Amino acid sequence: MKIAYSPCPNDTFVFHAWAHGLIPGAPELDVQYADIDITNRLAAEGTGPDVLKISYAALPWVLQDYALLPCGGALGRGCGPLVLTQPSSEGAAADPAALSGRRVAVPSERSTAYLLFRLWAEQNVPGGVGEIVVMPFHEIMPAVRDGRIDAGLVIHEARFTYPSYGLALLTDLGSWWETDTGLPIPLGAIIARRSMDLEALAGWARASVQYAWAHPEASRDYVMQHAQEMDPQVAQQHIDLYVNEFTADLGESGYGAVLTLLERAAQTGLVPQLDYAALLK
């Protein structure tokens, strides 16, 4: 069975057992390692594999052909995207209003991070930001540091590494979202073609998550092999942050978070208006 997920530590940790034939009855996986921008595009074009990890923000464009699985993805608390700027003369970040009309770098315009940023900016940046510049994730913090961009939207391990670039935290979008909604942050979704046995797929994915928790050492070599020279301690922080109770089962609050995000985004014209309550279940 063809599957695509990122080389990030949380994904390789979650799918290690299944990818290595350790889940009884589960089909053998043919894994494509791809960043989320690529999997988002593959799913939207209909050319993707049977199962993919995509951004929750990309769901509106794929729900006709793909269903959301209730496990294997990334939601959580305290793990949201950050908006970074150069520090002010006092060493702190600028006021959010200072982003009005400014250039902001983002890693994708079809990401949960981007939706959260736009929803936050609507409340906190008078007149809205200026130009949105899409650039590869690894280029964003150097661009902000060097003054080529006024602010940057970053995700994942940048939570732990941005101080080394001399940058200041303007806002933690996850904290804002949790305060505003009381819900966890929907980040990465596992989807499967609607023609497949979705219940069986969910069971195998959940079993892989549970194996990873029960045997944390078993996946270490696999995780680090794909971690793009990431420090092992950072890789473990990444796993601890993004693999949690919602990875095993979205539950009502997980589904509620996804529904709230997409309905809010639809109200502001960021995603299509669809019956998300029906399509997500």
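Keep in mind that what you see is a predicted model, and the values were worked out from it rather than measured. (Residues numbered from 1 in each chain as written. Predicted model: local features only at pLDDT ≥ 70, side-chain atom pairs only at ≥ 80, totals over all residues. Heavy atoms only, no water.)

A. How the structure looks around the overall build of the chain. Looking only at helices and strands, one finds twelve helices and eleven strands in the chain. Rg of the C-alpha trace for the chain: 18 Å, near the compact-globule value of 19 Å for 281 residues, within the 12% margin. For the C-alpha atoms alone, the extent of the chain along its principal axes is close to 60 × 40 × 35 Å. Relative to its full complement of 281 residues, the chain shows a buried share of 52%. Considering only residue pairs separated by 6 or more positions, the chain has 79% of its internal contacts joining residues 24 or more positions apart. Element-wise, carbon and sulfur atoms account for 48% of the exposed surface of the chain, whose accessible area totals about 12000 Å². A distance of 3 Å separates the average location of the 17 positive side-chain charges in the chain from that of its 32 negative side-chain charges. (Helix = DSSP H or I, 4+ residues; strand = E, 2+ residues; numbered from the N terminus. Rg over C-alpha atoms; globule rule 2.2 N^0.38 Å. Buried < 20%, exposed > 50% of the residue type's maximum accessible area, 1.4 Å probe, protein only. Contact = heavy atoms within 4.5 Å. Areas by Shrake-Rupley, 256 points an atom, 1.4 Å probe, with all protein chains shown as cover. Lys, Arg positive; Asp, Glu negative; His and termini not counted. Charge placed at Lys NZ, Arg CZ, Asp CG, Glu CD.)

B. Here's a closer look at the sheet that holds strand S7 (residues 104–106). A sheet is described by the order of its strands in space; here five strands give the open sequence S8-S7-S9-S6-S10, paired in mixed fashion. Every other strand in the sheet has two partners, leaving strand S8 (132–134) and strand S10 (168–172) as the edge strands with one partner each. Between one strand and the next, the sheet's axes are offset by a mean angle of 30°, whatever the strand orientation. Here three bridges tie S7 to S8, and the two strands are oriented parallel to one another. Paired with valine 106 across the strands is valine 134, a residue of S8. On top of the sheet, helix H4 (residues 137–145) reaches strand S6 (82–85), S7 and strand S9 (151–154); it is set at about 150° to S9, its chief contact. (Pairing = 2+ DSSP bridges. Axes fitted to C-alpha atoms, helices over the stretch in contact; angles between N-to-C directions.)

C. Region of the structure containing the packing of aromatic side chains. As enumerated under the stated definition, the model contains seven aromatic pairs in all. Aromatic pair tyrosine 5 and tyrosine 33: ring centres 5.7 Å apart, planes at 90°, arrangement edge-to-face. One end of the pair, tyrosine 5, is in strand S1 (residues 2–5); the other, tyrosine 33, is in strand S2 (residues 30–33), and 28 residues separate them in sequence. When its relative accessible area of 1% is taken as the criterion, tyrosine 5 is described as buried. Residue classification places tyrosine 33 among the partly exposed positions, given a relative accessible area of 33%. Following the ring pairs from residue to residue traces out a cluster consisting of Tyr5, Phe15, Trp18, Tyr33, Trp204 and Tyr222. The positively charged end of arginine 110 is found above the aromatic ring belonging to tryptophan 61, 3.8 Å away from the centroid. The ring of tyrosine 255 is capped by lysine 281, whose NZ or CZ atom sits 4.4 Å from the centre of that ring. (Phe/Tyr/Trp six-rings, centres within 6.5 Å; stacked < 30°, edge-to-face > 60°. Lys NZ or Arg CZ within 6 Å of the ring centre and 35° of its normal.)

D. Molecular detail of the side chain of serine 108. Looking at the element boundaries, serine 108 is found in the loop between S7 and helix H3 (112–124). In terms of polar contacts, serine 108 uses its side chain to reach the side chain of aspartate 37, at 2.8 Å. Leave out the neighbours within four places in its chain, and serine 108 touches Asp37, Tyr114 and Val134. (Polar contact = N/O pair within 3.5 Å; in protein donor to acceptor, adjacent residues only side chain to side chain.)

E. Structural context of the nonpolar core. In terms of nonpolar packing, the biggest core is built from 56 residues, with Ile54, Leu59, Leu99, Phe117, Trp120, Ile191 and Leu280 touching the most fellow members. Top contributing element to this core by residue count: H3, with eight residues. Residue contacts for isoleucine 54: discarding those within four places in its chain leaves Ile36, Thr39, Asn40, Ala43, Leu59, Val62, Leu187, Gly188, Ala189 and Ile191. Counting residues in each nonpolar core, the second largest holds 25 residues, with Tyr5, Val14, Ala202 and Ala248 among its members. (Core = buried A, V, L, I, M, F, W, Y, C linked by side-chain atoms within 4.5 Å.)

Everything listed here is a matter of geometry and, on its own, says nothing about what the molecule does.
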